[in-house]
Amino acid sequence: MKISIHRGIDQIGGCITEIATEKSRIFIDLGQNLPDGDGNVNDNFANLEAVREITKNIDAVLYTHYHGDHFGLFHLVPDSISQYIGTVAKKVALCKHQRLAYIKGREELSKKEIAKLESMQSFEPKQKIKIGDIQITPYFVSHSAYDAYMFLMEADGLRILHTGDFRGHGYLSKGLLPTIEKLIHKGRIDYLITEGTMLSRLDEKVRHENELKREVIELMKQYKNVFVLCSSTDMERLATFHAANKEIKNRPYVCDDFQKSVLDIFSKSAGKISPLFDFKEPYTFWKGNSKLIKWIQDKGCCMLVRPTEKFNDYTNHLLPLLEKENTVLIYSMWKEYINPKSKHCNKRYLDFVEQFPRLRKIHTSGHASADCLTDVCNLVNPTKGIIPIHSEKSADYQKLPIKDELKDKIIIETTKNENMTIEINKQRTANRVGSR
Ligand SMILES: [Zn+2]
Ligand SMILES: [Zn+2]
């Protein structure tokens, strides 16, 4: 058997992992390198020829979730290769790409992306997928993208667990350790392939989503007009703001029509399981919606915004109608995007947040804390190896307070034994930038 990390060692994002037996070959994720602060992507795989070359003889691509750094190259995959993603994740990705199709000059590309997405296979949690002699089982994880998975892969008498991106401090994280416990009860794990995003961000305090909610409620009591800048597909964070807003009587939860269609997907899936994710009927903003604008002037609002031209137009119209001292923007994304001194700083974000009279930052990461990574490594206790991907410096994994015998099993260079070859490709790294 062979595990190849084509990309993802010593960089966050652009993940491509291959699992191969004599008979079958699969990819876990086919991600694009994350863009730099100006939105430019430097990625030597982001073209048809390169993807055709790397996917030669690949039987299937399975995606852990819909973030671009795991999913971004899906449209370049030849039709002969089957691709898989979670059922709800597929709907969200489709919704997003249908929206992108409205951007001028993007029509042809969007058409191809949508066709590719529509033909994609989808799976439910724990649904076993058989690709040749490799059996894959997806297990749900909490992440800043909803319907994200870790994959258990079984073949040649070996069991490999690939965590994808995950965290232990979300509303939907409760099942993380019990799920792993059940997995190891059925049989030992030989190799653990895991993310390590937070190892280079140890200064960032990781808080539970519930704690954020309490802080947001306080802020909502203080300010009448609350604008929120967060990821439009991060269901748990959207639920934090929705739940906090419900604490304030008669204040509308407002968004644009695109965000509404994403929220509808969440309400119809996760919302059926927990009322926390039932967003009911959010109110759709447009400049001519005078009834809603009157209501906002009277009772205030919790309005989801994005740093786009459309929202600049909306805020230019709406902000002058509201009392400055009662208006705040909650910035709920990675702090570096609006840090002028950071290489990740995004001018579009910076300009957008500056138009608001007051700014508050309330955020917690979509990635596992060092403590959570330690718990997962110790619990999985793989017999043969830990392969750390999705971190700026994979060698940092040695600093985790995991069991000493596990530290000896951390693999960051190509290795070979009689049953397994692990190929770690460092040359293909093109763009070392951070993720959300
Ligand atoms: Zn990622
Ligand atoms: Zn992600």
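Bear in mind that the values here come from a model prediction, so they are computed numbers and not experimental data. (Residues numbered from 1 in each chain as written. Chains lettered and ligands numbered in written order. Predicted model: local features only at pLDDT ≥ 70, side-chain atom pairs only at ≥ 80, totals over all residues. Heavy atoms only, no water.)

Trainee: Tell me what's going on with empty space enclosed by the protein, and back it up with residues and numbers.
Mentor: To locate leftover empty space, one rolls a probe as large as a water molecule over the atoms. Counted according to the given criterion, the structure contains one cavity of 30 Å³ or more. In terms of lining, the largest cavity is formed by V228, C230, L238, Q259, L304, V305, R306 and F311. Here the lining of the largest cavity is built from residues that sort into six nonpolar, one polar and one charged. (1 Å grid on protein atoms, 1.4 Å probe; cavity = no way out; pocket = protein on both sides within 12 Å on 5 of 7 lines; lining within 4 Å. Points joined across faces, edges and corners; volume = space filled by probe spheres on them. Nonpolar A, V, L, I, M, F, W, Y, C, P; charged D, E, K, R; others polar.)

Trainee: Go over the pairing of strand β9 (residues 148-155), please, and point to the residues and values.
Mentor: For β9, the tally of buried residues reaches seven of eight residues, placing the bulk of the element in the interior. The pairing of strand β8 (residues 134-141) with β9 spans seven bridges and is antiparallel. When the sheet's bridge partners are listed, P138 is paired in β9 with F151. Between β8 and β9, which pair antiparallel and follow one another directly, the connecting turn spans six residues, one of which, D147, has a positive phi of 65°. Hairpin connection from β9 to strand β10 (residues 158-162): two residues lie between these consecutive antiparallel strands, with D156 at a positive phi of about 50°. (Buried < 20%, exposed > 50% of the residue type's maximum accessible area, 1.4 Å probe, protein only. Helix = DSSP H or I, 4+ residues; strand = E, 2+ residues; numbered from the N terminus. Pairing = 2+ DSSP bridges.)

Trainee: Before we move on, can you summarise the coordination of the zinc ion (ligand 1) with the specific residues and values?
Mentor: Protein-derived ligands of the zinc ion (ligand 1) are D69 (OD), H70 (NE2), D165 (OD) and H390 (NE2), with the metal-ligand distances lying across 2.1 to 2.2 Å. In this structure, the zinc ion (ligand 1) is surrounded by four donor atoms whose angles at the metal cover 81 to 165°, and the resulting shape is irregular. Summarised as a motif, the one-chain spacing of the donors to the zinc ion (ligand 1) is D-H-x94-D-x224-H. We classify H70 as buried; its relative accessible area is 2%. (Donors = N, O, S within 2.8 Å, 3.2 Å for Na, K, Ca; no water. Tetrahedral: all angles 85-135°; square planar, octahedral: opposite > 155°, others 65-115°.)

Trainee: Explain the sheet that holds strand β13 (residues 253-255) to me, and be specific about the residues and the numbers.
Mentor: If you walk across this open sheet you meet the six strands as β14-β13-β15-β12-β16-β17, and the pairing is parallel. Strand pairing shows two members of the sheet lacking a second neighbour, β14 (283-284) and β17 (359-361), which therefore form its edges. Those strands touched by helix α8 (residues 257-268) are β13, β14 and β15 (301-305), and its axis lies near 120° from that of β13. (Contact = heavy atoms within 4.5 Å. Axes fitted to C-alpha atoms, helices over the stretch in contact; angles between N-to-C directions.)

Trainee: Would you mind going over the coordination of the zinc ion (ligand 2) in detail, with residue names and values included?
Mentor: Every protein donor of the zinc ion (ligand 2) is accounted for by H65 (NE2), H67 (ND1), H143 (NE2) and D165 (OD), and the metal-donor separations fall at 2.1 to 2.4 Å. One chain supplies every donor for the zinc ion (ligand 2), spaced along it as H-x1-H-x75-H-x21-D. The metal-metal distance between the zinc ion (ligand 2) and the zinc ion (ligand 1) is 3.4 Å, with D165 coordinating both. With H65 in the loop between β4 (60-62) and α2 (68-71) and H143 in the loop between β8 and β9, the pair connects residues that are 78 residues apart, well separated along the chain. The two residues H65 and H143 agree in class, both being buried.

Trainee: Talk me through the packing of helix α5 (residues 176-186) against helix α12 (residues 370-380); I want residue IDs and the actual numbers.
Mentor: The axes of two packed helices give the description: the angle between them and the distance between them. Relative orientation of the contacting elements α5 and α12 amounts to 15°, with a least axis distance of 10 Å. For the element pair α5 / α12, the angle class is roughly parallel. α12 is crossed by α5, and the crossing has right-handed handedness. Across the interface between the two elements, L176, L177, I180, E181 and I184 from α5 touch C372, D375, V376, L379 and V380 from α12. Taken together, the residues that form the contact of α5 with α12 break down as eight nonpolar, no polar and two charged. (Parallel < 35°, antiparallel > 145°, perpendicular 65-115°, else oblique. Left-handed = near helix turned anticlockwise from the far one by under 90°.)

Trainee: Would you mind going over helix α6 (residues 209-222) in detail, with residue names and values included?
Mentor: Quick reminder: α-helices carry 3.6 residues per turn. Residues three or four places apart thus point the same way. The terminal C-alpha atoms of α6 lie 20 Å apart, and with 14 residues this matches the ideal 20 Å at 1.5 Å per residue to within 8%. All of the buried residues along α6 are E209, L212, V216, I217, L219 and M220. Taken down its axis, α6 places every buried residue within 170° of arc, on the same side. Exposed positions of α6 whose direction lies more than 90 degrees from the buried face are R214, K221 and Q222. The inward-facing, buried residues of α6 contact β12 (225-229), α7 (235-246), β15, β16 (327-331) and β17. (Expected span 1.5 Å × (residues − 1). Arc of directions from axis to C-beta.)

Trainee: Which residues make up the packing of helix α3 (residues 87-100) against helix α4 (residues 107-118), and what values go with them?
Mentor: Running from N to C, α3 and α4 cross one another at 165°; their axes reach a closest spacing of 9 Å. By the angle between their directions, the pair α3 and α4 is classed as roughly antiparallel. Crossing of α3 against α4: the hand is left-handed. Of the residues in α4, those touching α3 at K90, A93, L94, H97, Q98 and L100 are S110, E113, I114, L117 and E118.

Trainee: Any details on the pattern of salt bridges? Residues and values, ideally.
Mentor: Using the criterion set out here, one finds 32 salt bridges in the structure. Residues R207 and E215 are paired through a salt bridge, measuring 2.7 Å at the closest nitrogen-oxygen approach. Judged by its relative accessible area of 23%, E215 falls in the partly exposed class. With its nearest N and O atoms 3.4 Å apart, the salt bridge here joins K280 to D278. Judged by its relative accessible area of 55%, K280 is exposed. A single network of salt bridges, built from pairs that share partners, joins R99, D256, D257, R306 and K310. (Salt bridge = Lys/Arg side-chain N within 4 Å of Asp/Glu carboxyl O.)

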